[in-house]
Amino acid sequence: MAIHLPSLDSLHVGRYAQNPGQEAGSLGEIPALRRDLRAIADFITPGSRVFDIGCGNGDLLAFLKTERQVIGRGLELSESGVLTCVRRGLSVRQGNLEACLPDYPDRAFDYVVLSQTMPFVDDPARTLAEILRVGERGLVSFANWGHWRYRVNLLLTGRMPTAPTDGLPWASPRARALTIRDFQDFCASQGIRVLRAQFLDGQRLLTTAWASNLLATVAVFELARKKD
C-alpha cells in the first residue's frame, strides 16, 4: 500500500507557481510568489542588500526589487537562468556557490538567501559559515523529509520515498534527505542562531510549531552567526 505523497505542484518547487509554459516577465510583471519565497520576502526589510544564491530565473530578486526596493544580487549555476535574469535587468553572476562565496567580503549583504538548495550542497557547515560571513542574516528554505506522509510511505512499502524536491526515483541523482529536526540540531552544533522560522504545509502556514517536523512540507529559517 502506497501513501500519496505531496506532488511537485503542492511543494511549489519552481520559483513561481506558474502555468505550464509561462515565462518569467520583466520587473514590471510580478506574478504571485511561491509560498516559501513569499515567507522569505516577508523576512526582508525594505531597502536591504540581498544576495540570492541559486536564484534561478530571478523570480525572488524581481519581486524584492519591485516590492521591497532592495539592492539585489544573484548567483546562478545555469546559463539559461543567468540569461533570463539579465534580460529582466537583474544583476546576476554565473557560478557555483561553493567556489564563488569566498570571493565576497565580510558582511557585504544584509541577507543571503539559499532557497531549496541546502540538501544539495557538498559541505553544509562550510556553506552556512560562508553565508553568515557574507551576510548579516541567512534565509534558508528546504523541503521537510520528516513530513508524516513520507514516514508512513516508508513504513508501509519498505522503500525510500521519491525525493520531495524532484520526484525522481531512488537510483537517480538526488538530494540528501533532510528534516526540520535535523536542521535545527545541525544549527545548534555549529553555533548558528535561529532567529525566526516559518513552517508551511503546501500553501498553508502552520501555527503549531511543536508539530512542524511531522506536519510541514517546507521550512523557512532566518539564521545569524553566533554571538561574539
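Remember, predicted model here, so these are calculated numbers, not experimental data.

Visitor: Honestly, the environment of Lys 65 in this entry has me stumped. Any pointers?
Guide: Its place among the elements puts Lys 65 in helix α3 (residues 59–67). A residue is classified by how much of its surface remains accessible, and Lys 65, at 31% relative accessible area, is partly exposed. Note: C-alpha distance between Lys 65 and Gly 47 (18 residues apart in sequence) is 8.7 Å.

Visitor: Even after reading the chapter, I still don't get the pattern of salt bridges, so can you show me in this structure?
Guide: Close approach of charged atoms allows side chains with opposite charge to pair. Summed over all chains, the structure comprises 13 salt bridges. Across the salt bridge formed by Arg 49 and Asp 110, the nearest N and O atoms sit 3.0 Å from each other. Within this pair, whereas Arg 49 is found in strand β1 (residues 49–53), its partner Asp 110 is found in strand β4 (residues 109–115), the two being separated by 61 residues in sequence. A residue is classified by how much of its surface remains accessible, and Arg 49, at 30% relative accessible area, is partly exposed. The shortest N-O distance in the salt bridge between Glu 222 and Arg 196 comes to 2.7 Å.

Calculation rules
- Residues numbered from 1 in each chain as written.
- Predicted model: local features only at pLDDT ≥ 70, side-chain atom pairs only at ≥ 80, totals over all residues.
- Heavy atoms only, no water.
- Helix = DSSP H or I, 4+ residues; strand = E, 2+ residues; numbered from the N terminus.
- Buried < 20%, exposed > 50% of the residue type's maximum accessible area, 1.4 Å probe, protein only.
- Salt bridge = Lys/Arg side-chain N within 4 Å of Asp/Glu carboxyl O.

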